[in-house]
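Understanding the architecture of this molecule
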Amino acid sequence: MVVGDVKSVEGRADRVSFGEFYRLELDGQVRRAVLLLGSNDLANDVVHEAFVAVYRRWDVLDDPGPYLHIAVLNGCRGIHRQRSRQRRLLPRLVDRAARASDHELIDDLLAELPFNQRAAVVLRFYGGLTTVEIARELGCAPGSVGPWINRALARLRKALR
Amino acid sequence: MTDLEQQVTDHLRRRAAAATPRYDLEAVRRGASTTGLVALGDRRSRRPLVIVAISVAAASLLLVALAGVGDAPERVEVTTVSEPADPPSAEMTAIRAMVEAINTRDTAAFLDTFAPEGGFAPRGDFTESSSLFGNHLPVADVKLVQAWMAVTEAWGLQAELISCAAQAMPAVYSDGVDAVVECEVATRWHTLSMEITEDWYFELRDTDLLWWNSLSCCRDLNLLDLDPPDRILPLGYDGLEAWEAWLQVEHPEDAARFLNPREGPPDDCDGCEEAVASMAPGDPDRAARLAPLVWNARDDWVIDGHRFSPSGLIPYDPALAGDIEASIREYLEEQ
């Protein structure tokens, strides 16, 4: 499985040490978490906690790569839920029309998407995953993935018009 | 790839390239050597000091009523009752490990915390369960435990231990038990944006779990808060009901697809009337409101090939979790 530009370490018998696993996975996981959260600091915190969880179970995990992926996704999902509630409680202080660039606008729109839509977009267009792989990562039915991506793109298309 | 898709791809690559990973392997190793769950001593318990023994007996009465059978042969009756105390650390280690396994969806680690003959209440009934009793899933039914974990994942459960107390042996307990612990637990169902407070009940032999039950609403109801005011997630159970009502008005087709009517005990159920009354002694309205949460809902569904009859708290088909999550988000945005 390829996520971002880092290949997961698979198979237990000939797998690398935890330190090497950490070095191999860290960059890709943080990059993906940044795309899911929009915050470098939060992404690093989530990935750190996920690695701690992996380290605790290192001796019993047959395949730590998928475990790490899910732990990071779940961590991002938890953060996203908390922040989305805070967003609803705050008035929007920024006039979207006055945004300087499409990049900032896309950032803002991605931040407003439900977590599964945002994750599906990131996993498809950054991670290059197929629909089935995305469904496996997100723990959902494959039939849910297409509509999530379509809804997200429709929202982006409308805003970028 | 369309222009928009290419634009999104370029944007994501640019943002990803700007990320600055924080390399700190030693901090990971240090973090793994400390306890990962909430430090129980740091949180003041909302638990009342006295547990009413008779309501514990009522819990077992409900279990029997749900199962529709007579006394469970592997459970033993005693009458000793005493005040709660701090649970031994070894037992808390097992409970923490179980909670962590649930939160990380690690079925193997979850099973490791139980004795081979242990079991738990999966908030409903698997048709294939090898247990004779309703709402009782033996951990030996590994495939069903895996399916239960998939349900847990679908609803995004995150459990946080708030406080725990060791109990004296209740009126009815599993054979071989040498410790009973009850914990107040915040359960956050992220897919549903719902958080409630539950009473989780554990029976242990040494450091192995023999029995775990959640949502024990048949005892002191102060421990079970369906609408906790200090929750993190936007909805309590009342909020979930409000979403259902909104859905039925605004999107009746979705309501027909998503919802699964909660039902109380059938009219001809022998002993159920007493079981319902025991949920809120002296408060029949509240008892009637709680009963459908623990009784099975109208419709079964299938998870990983296994038929399941859910209890009423979260009766929805997990195959629809993504759509339900989107609908709840739409509801929240409208509020």
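Notes on the structure follow. (Residues numbered from 1 in each chain as written. Chains lettered and ligands numbered in written order. Predicted model: local features only at pLDDT ≥ 70, side-chain atom pairs only at ≥ 80, totals over all residues. Heavy atoms only, no water.)

Let's shift gears to the environment of A:Tyr67. Mapped onto the secondary structure, A:Tyr67 falls in helix H3 (residues 64-89). When neighbours within four sequence positions are excluded, A:Tyr67 is seen to be in contact with A:Ala53, A:Val54, A:Arg57, A:Leu61, B:Thr104 and B:Asp106. (Helix = DSSP H or I, 4+ residues; strand = E, 2+ residues; numbered from the N terminus. Contact = heavy atoms within 4.5 Å.)

Moving on to the pairing of strand E2 (residues 114-120) of chain B. Residue and element names in this part refer to chain B. Taken across its seven residues, E2 has five buried, putting it largely inside the fold. Bridge count for E2 against strand E9 (residues 208-213) is three bridges, and the pairing is parallel. Within E9, the position partnered with glycine 119 by the bridge is tryptophan 211. With two bridges joining them, E2 and strand E4 (residues 137-138) adopt antiparallel strand pairing. In the sheet register, glycine 119 faces E4, and the bridge partner there is proline 138. (Buried < 20%, exposed > 50% of the residue type's maximum accessible area, 1.4 Å probe, protein only. Pairing = 2+ DSSP bridges.)

Our next topic: the sheet that holds strand E10 (residues 301-303) of chain B. Residues and elements named next belong to chain B. If you trace the three strands from one edge of the open sheet to the other, you get E3-E11-E10, paired in antiparallel fashion. In this open sheet, the two strands that pair with only one neighbour each are strand E3 (124-126) and E10. Adjacent strand axes in the sheet meet at a mean angle of 35°, parallel and antiparallel pairs treated alike. Direction of pairing for E3 relative to strand E11 (residues 306-310): antiparallel, over a ladder of three bridges. By the bridge assignment for E11, glycine 124 is matched with proline 310. On the sheet, helix H6 (residues 142-154) packs against E3, E10 and E11 and is oriented at approximately 105° with respect to E10. (Axes fitted to C-alpha atoms, helices over the stretch in contact; angles between N-to-C directions.)

Let's shift gears to the interface of chain B and chain A. On the side of chain A, 49 residues touch chain B, which itself brings 47 residues to the contact. Of the roughly 4,500 Å² buried between chain B and chain A on both sides combined, carbon and sulfur atoms contribute 57%. Three residues stand out in chain B for area buried against chain A, namely B:Leu12, B:Arg22 and B:Arg329, and they jointly supply 14% of the buried area on that side. Taken together, the links from chain B to chain A amount to four salt bridges. Per-element accounting of the side of chain B that touches chain A gives the leading share, 11 residues, to helix H1 (residues 3-17) of chain B. Residues that form the side of chain B that touches chain A fall into these classes: 18 nonpolar, 13 polar and 16 charged. (Buried area = accessible area lost by both parts, 1.4 Å probe. Salt bridge = Lys/Arg side-chain N within 4 Å of Asp/Glu carboxyl O. Nonpolar A, V, L, I, M, F, W, Y, C, P; charged D, E, K, R; others polar.)

Our next topic: the pattern of salt bridges. Residue and element names in this part refer to chain A. Enumeration according to the criterion identifies 19 salt bridges over all chains in this entry. One salt bridge connects arginine 23 with glutamate 20, and the closest N-O pair in it is separated by 3.5 Å. With arginine 23 and glutamate 20 both in helix H1 (residues 18-37) and three residues apart, this pair spans about one turn of that helix. Taking the relative accessible area as the measure of exposure, glutamate 20 reaches 31% and is therefore partly exposed.

The next thing to look at is helix H11 (residues 321-334) of chain B. All names here are of chain B. Look at H11: 20 Å from first C-alpha to last across 14 residues, which is about the 20 Å you get at 1.5 Å a residue. With 10 of its 14 residues buried, H11 lies for the most part within the structure. When H11 is considered as a whole, its buried residues turn out to be Ala321, Gly322, Ile324, Glu325, Ala326, Ser327, Ile328, Arg329, Tyr331 and Leu332. (Expected span 1.5 Å × (residues − 1).)

All right, on to the pairing of E11(B) then. Residues and elements named next belong to chain B. By the criterion of burial, E11 is predominantly enclosed, with four of the five residues buried. As defined by bridge partners, E10 adjoins E11 across three bridges and the pair is classed as antiparallel. Looking at E11, one finds that valine 302 is bridged to arginine 307. As consecutive antiparallel partners, E10 and E11 are separated by two residues, and within that stretch aspartate 304 has a phi angle of approximately 50°, a positive value.

With 75 residues, the main nonpolar core has B:Met98, B:Phe110, B:Leu192, B:Met194, B:Phe202, B:Trp212 and B:Trp243 as its most contacted residues. What B:Phe202 contacts, discounting residues up to four positions off in sequence, is B:Ile95, B:Met98, B:Ala179, B:Val180, B:Val181, B:Cys183, B:Leu209, B:Trp211 and B:Trp212. Of all hydrophobic cores here, the second largest spans 57 residues; its members include A:Phe18, A:Ala53, A:Ile134 and A:Leu156. (Core = buried A, V, L, I, M, F, W, Y, C linked by side-chain atoms within 4.5 Å.)

A few words on helix H6 (residues 131-138) of chain A. All names here are of chain A. Within the sequence span of H6, burial applies to Ile134, Ala135, Glu137 and Leu138. Take H6 and look down its axis: the buried residues cluster within an arc of 160°, on one side only. Where H6 terminates, the next one or two residues include glycine 139, which has phi positive at roughly 65°. (Arc of directions from axis to C-beta.)

All names here are of chain B. A positive phi is found at arginine 105, a non-glycine position, where the angle reads about 55°. Secondary-structure assignment places arginine 105 in the loop between helix H4 (89-103) and helix H5 (107-112). Residue arginine 105 is classed as buried on the basis of its relative accessible area of 15%.

All names here are of chain B. There is a patch of like negative charges on the surface, built from Glu250, Glu330, Glu333 and Glu334. The leading source of residues in the negative patch is H11, at three residues. Turning to its location among the elements, glutamate 334 is positioned in helix H11. A relative accessible area of 49% means that glutamate 334 is categorised as partly exposed. (Patch = residues over 30% accessible without salt bridge, like charges linked within 9 Å, V, L, I, M, F, W, Y side chains within 5 Å. Areas by Shrake-Rupley, 256 points an atom, 1.4 Å probe, with all protein chains shown as cover. Lys, Arg positive; Asp, Glu negative; His and termini not counted. Charge placed at Lys NZ, Arg CZ, Asp CG, Glu CD.)

Residue and element names in this part refer to chain B. In this structure, threonine 104 sits in the loop between H4 and H5. Taking relative accessible area as the criterion, threonine 104 reaches 21% and is therefore assigned partly exposed. For threonine 104 and glutamine 158, which are 54 residues apart along the polypeptide, the C-alpha to C-alpha distance reads 8.7 Å.

Backbone-to-backbone hydrogen bonds pair the strands of a sheet. The strands run either parallel or antiparallel. All names here are of chain B. One open sheet holds the six strands; their spatial order is E4-E2-E9-E8-E7-E5, and the pairing between them is mixed. The sheet terminates laterally at E4 and strand E5 (157-167), the two strands that pair on one side only. Relative to E9, strand E8 (residues 194-205) runs antiparallel, the two sharing five bridges. Paired with glutamate 203 across the bridge in E9 is tryptophan 211. The sheet strands contacting H4 are E2, E5, strand E7 (179-189), E8 and E9, and the helix crosses E5 at an angle near 165°.

Purely spatial values, then, with no claim about function.
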